[in-house]
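A closer look at the structure
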Amino acid sequence: DTCIILITPPPVNTKQWNRPDDPRVFETTKTYAEAVKEVGEKENVPVADIWTSIFDTAGRSEENCAKYLWDGLHLNSDGYNIVFQDIIDIVERVYPELNAEDGKLQDIFIPCVVSQ
């Protein structure tokens, strides 16, 4: 059986991203995130609402989202920690048969070690 989790995009910090001609801006990603949540609700598929998680954690401030974004668009390690926790929360709540303690997620979340 395949277990599906939809994931919204994170918010874009338009000031940090600073690409005026790029359509990926704060309001556009918010609209896209809302659409992902609607599909999840309609299809009864769990949604990791990364947009809201990061925006709420950033104090509901676009500029404060910089703490979770490397360049205004791409997540940094703090942002990925939020994604990881949101996904694990869904797995524990919706797909308990994939419980990480049983080792079934081991092949998905392989620890990354960077040599220096």
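Preceding this section is the structure that the text describes.
Let me begin by describing the structure that accompanies this report. This structure is a prediction, so every number in the text was calculated from the model and none was measured.

Here we take up helix 3 (residues 50-57). Residues three or four positions apart in an α-helix share a direction because the helix packs 3.6 residues into each turn. Within the sequence span of helix 3, burial applies to Ile 50, Trp 51, Ser 53, Ile 54 and Phe 55. Of the surrounding secondary structure, the elements contacted by the buried residues of helix 3 are strand 1 (6-7), helix 2 (26-43), strand 2 (47-48) and helix 4 (77-94). Following helix 3 by one or two positions, Gly 59 adopts a phi angle in the positive range, close to 75°.

Quick look at the nonpolar core now. With 17 residues, the main nonpolar core has Ile 54 and Cys 65 as its most contacted residues. Where this core is concerned, the elements lending two or more residues are helix 2, helix 3 and helix 4. When residues of this core are assigned to their parent elements, the largest contribution, five residues, is made by helix 4. Discounting residues that sit within four places of it in the chain, Ile 54 has contacts with Pro 10, Pro 11, Cys 65, Tyr 68, Leu 75, Gly 79 and Ile 82.

Our next topic: the packing of helix 2 against helix 3. In the contact formed by helix 2 and helix 3, the axes pass within 9 Å of each other and the chain directions differ by 130°. For the element pair helix 2 / helix 3, the angle class is oblique. Along its contact with helix 2, which presents Phe 26, Thr 29, Lys 30, Ala 33 and Lys 37, the element helix 3 presents Trp 51, Thr 52 and Phe 55. Residues that form the contact of helix 2 with helix 3 fall into these classes: four nonpolar, two polar and two charged.

On to the side chain of Asp 49. For Asp 49, the location among the structural elements is in the loop between strand 2 and helix 3. A polar contact of 3.4 Å, which involves the side chain of Asp 49, links it to the side chain of Thr 8. Those residues in contact with Asp 49 that lie beyond four places of it in its chain are Thr 8, Lys 37 and Asp 86.

What counts as what
- Residues numbered from 1 in each chain as written.
- Predicted model: local features only at pLDDT ≥ 70, side-chain atom pairs only at ≥ 80, totals over all residues.
- Heavy atoms only, no water.
- Buried < 20%, exposed > 50% of the residue type's maximum accessible area, 1.4 Å probe, protein only.
- Helix = DSSP H or I, 4+ residues; strand = E, 2+ residues; numbered from the N terminus.
- Contact = heavy atoms within 4.5 Å.
- Core = buried A, V, L, I, M, F, W, Y, C linked by side-chain atoms within 4.5 Å.
- Axes fitted to C-alpha atoms, helices over the stretch in contact; angles between N-to-C directions.
- Parallel < 35°, antiparallel > 145°, perpendicular 65-115°, else oblique.
- Nonpolar A, V, L, I, M, F, W, Y, C, P; charged D, E, K, R; others polar.
- Polar contact = N/O pair within 3.5 Å; in protein donor to acceptor, adjacent residues only side chain to side chain.

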